[in-house]
Amino acid sequence: MEFKDKINKNQTGFITPKAYFEGFESRLFQKLSEQNTTPNSILPETSGLEIPEAYFNTVEKAIFERTINQKKTKVVSLWYYKIAKVAAILLLIITGYGILQTTYKTNQQTDRFSTVSEEDLEIYIENNILPYSEMRNLFMEEGEFEIADNAINELDNEVILRYLDNELDDLDLLDE
Amino acid sequence: MEEEELVQLLQNPKRKDEAFGILLKEYKVRLYWHIRNFVKVHEDADDVLQNVFIKVYRNIHKFKGESKLYSWMYRIASNESITFLNKKAKKLNISNEEIKDYILDNLQSDVYFEGDEIQLKLQKAIAKLPEKQQLVFNMKYFQDLKYKEMSIILETSVGALKSNYHHAVKKIEVYLKNN
């Protein structure tokens, strides 16, 4: 060994790095196995996708915050949500029941209305519903009557007749 | 720790949190890269990764042990990534196909992409592959998973995976030579 080294050193002047041959076999096998798994030299060995420094430490914390730690800090609020959930369900049931009842009653009323005969309705209207003029009077204040009466009294008869002549298509209606 | 033991701990309410810490340490890096190869953008991968672990934490009691735990997690990660991309496409009012081009067009300006021209081209070539071939190529080429592991995760035979990978590589090579 010493002889060979001596020869090389003396003859060519080339030297090798320290312990170069000791690790040569393992490096050679590694390279061979890499070449076997790399399908073609045209393909780059890496994707070029990088990650921020220490990302995998921070992501662990972030996941803990959203799983284990979240569960621990929200223990108090859980019962509140449960009550709120129950209350919301009850409210829905009550509202639903109310709507159903109202619909049922309305349907019943509609049914009753549809069974009333036309004759009965006419009798009811005649006996119970006031004429339009009287109904209107119910909603007019006392002063409003005077204003309306005065406005008509102030109009000239001729003006009224001209208005009626122009606006009414069938003057016979006035005679009815 | 053996997987079965870890699952038992995860399903034990008293030991769940402790086991979840172990699970997180064991799988966060692998799942991150699996997701990142789907969504490409780091911030999106971060969102999806967190959602995946939250889903695992909340649904571990539903895990029946019919498949391997990491196979189950990889499937959740794949589904979450696809759902995320579809939602992103909807937000941007573009199709699920167009979103891939959109992401790749913006990849060059991404601070967490340090790839050169050939690496960018490679990403574009991968995006052109059918979904299954993309998945297989990413898992084999970038994540360096063994066919046997991939077979368990994707529930596909080793032969079919080799064929998928072979076709994917051929298509990528053609794309790289022609573009």
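These numbers come from a predicted model, not from an experiment. (Residues numbered from 1 in each chain as written. Chains lettered and ligands numbered in written order. Predicted model: local features only at pLDDT ≥ 70, side-chain atom pairs only at ≥ 80, totals over all residues. Heavy atoms only, no water.)

J.: What should I look at first to understand the interface of chain A and chain B in this one?
T.: When the parts of a complex come together, some accessible area is lost, and that lost area is often taken as the interface size. Residue-level contacts link 26 residues of chain A with 39 residues of chain B. Interface of chain A and chain B: buried area, both sides summed, is about 3,000 Å²; carbon and sulfur atoms make up 66% of it. Per-residue buried area on chain A facing chain B is highest for Leu49, Phe56 and Ile63 of chain A; these three make up 21% of the total on that side. The interface formed by chain A and chain B includes two salt bridges. One salt bridge connects Glu60 of chain A with Lys28 of chain B, and the closest N-O pair in it is separated by 2.5 Å. Going through the elements one at a time, helix 3 (55-66) and helix 4 (68-73) of chain A are the ones with two or more residues in the side of chain A that touches chain B. (Contact = heavy atoms within 4.5 Å. Buried area = accessible area lost by both parts, 1.4 Å probe. Salt bridge = Lys/Arg side-chain N within 4 Å of Asp/Glu carboxyl O. Helix = DSSP H or I, 4+ residues; strand = E, 2+ residues; numbered from the N terminus.)

J.: Is there a simple way to think about a negative patch on the surface in this case?
T.: Side chains of Glu118, Glu119, Asp120 and Glu122 of chain A sit close together on the surface and give a patch of like negative charge. For Glu118 of chain A, the position within the fold is in helix 6 (residues 118-128). (Patch = residues over 30% accessible without salt bridge, like charges linked within 9 Å, V, L, I, M, F, W, Y side chains within 5 Å. Areas by Shrake-Rupley, 256 points an atom, 1.4 Å probe, with all protein chains shown as cover. Lys, Arg positive; Asp, Glu negative; His and termini not counted. Charge placed at Lys NZ, Arg CZ, Asp CG, Glu CD.)

J.: Before we go on, may I ask you to explain a nonpolar patch on the surface in this structure?
T.: A contiguous nonpolar patch, built from Val86, Ile89, Leu90, Ile93 and Ile94 of chain A and spanning about 490 Å² of accessible area, is present on the exposed surface. Looking at where Leu90 of chain A falls in the secondary structure, it is placed in helix 5 (residues 75-115).

J.: For this particular structure, what's the right way to read the environment of Ile152 of chain B?
T.: Residue and element names in this part refer to chain B. Here Ile152 shows up in helix 8 (residues 147-154). On the accessibility criterion, Ile152 (33% relative accessible area) is partly exposed. Apart from the residues within four sequence positions on either side, Ile152 is in contact with Lys68, Tyr70 and Ser71. (Buried < 20%, exposed > 50% of the residue type's maximum accessible area, 1.4 Å probe, protein only.)

J.: Help me understand the nonpolar core in this model?
T.: A general trend in soluble globular proteins is that nonpolar side chains are found buried together. Counting residues in hydrophobic clusters, the biggest one holds 63 residues, and the most contacted among them are Leu23, Phe53, Leu69 and Phe137 of chain B. Apart from residues no more than four positions distant in its own chain, Phe137 of chain B is found in contact with Leu43 of chain A together with Leu122, Ile126, Leu129, Phe142, Tyr165, Ala168, Val169 and Ile172 of chain B. Within the second largest apolar cluster, six residues are counted, among which are Leu49 of chain A together with Phe113, Leu120 and Ala127 of chain B. (Core = buried A, V, L, I, M, F, W, Y, C linked by side-chain atoms within 4.5 Å.)

J.: Would you take a moment to explain helix 8 of chain B for this structure?
T.: In an α-helix, one turn spans 3.6 residues, which is why side chains three or four residues apart end up on the same side. All names here are of chain B. The set of residues buried in helix 8 consists of Tyr147, Met150, Ser151, Ile153 and Leu154. Down the axis of helix 8, the sector holding all buried residues measures 165°, keeping them to one side. Close packing links the buried residues of helix 8 with helix 4 (69-91), helix 7 (131-142) and helix 9 (158-178). Looking one or two residues beyond helix 8, the residue adopting positive phi is Glu155, at roughly 50°. (Arc of directions from axis to C-beta.)

J.: Help me understand the pattern of salt bridges, please; the structure alone is not making it clear to me.
T.: Here the idea is simple: oppositely charged side chains can pair when their charged atoms come close. All names here are of chain B. Taken as a whole, this structure holds nine salt bridges over all chains when the rule is applied. The salt bridge partner of Lys88 is Asp44, with a shortest N-O separation of 2.6 Å. In this pair, Lys88 sits in helix 4 while Asp44 sits in helix 3 (residues 42-59), placing the two residues 44 residues apart along the sequence. By the burial criterion, Lys88 is buried, and Asp44 matches it. A salt bridge links Arg75 to Glu155, with the nearest nitrogen and oxygen atoms 3.4 Å apart. Separated by 80 residues along the polypeptide, Arg75 in helix 4 and Glu155 in the loop between helix 8 and helix 9 bring together distant segments of the chain. For Glu155, a relative accessible area of 56% puts it in the exposed group.

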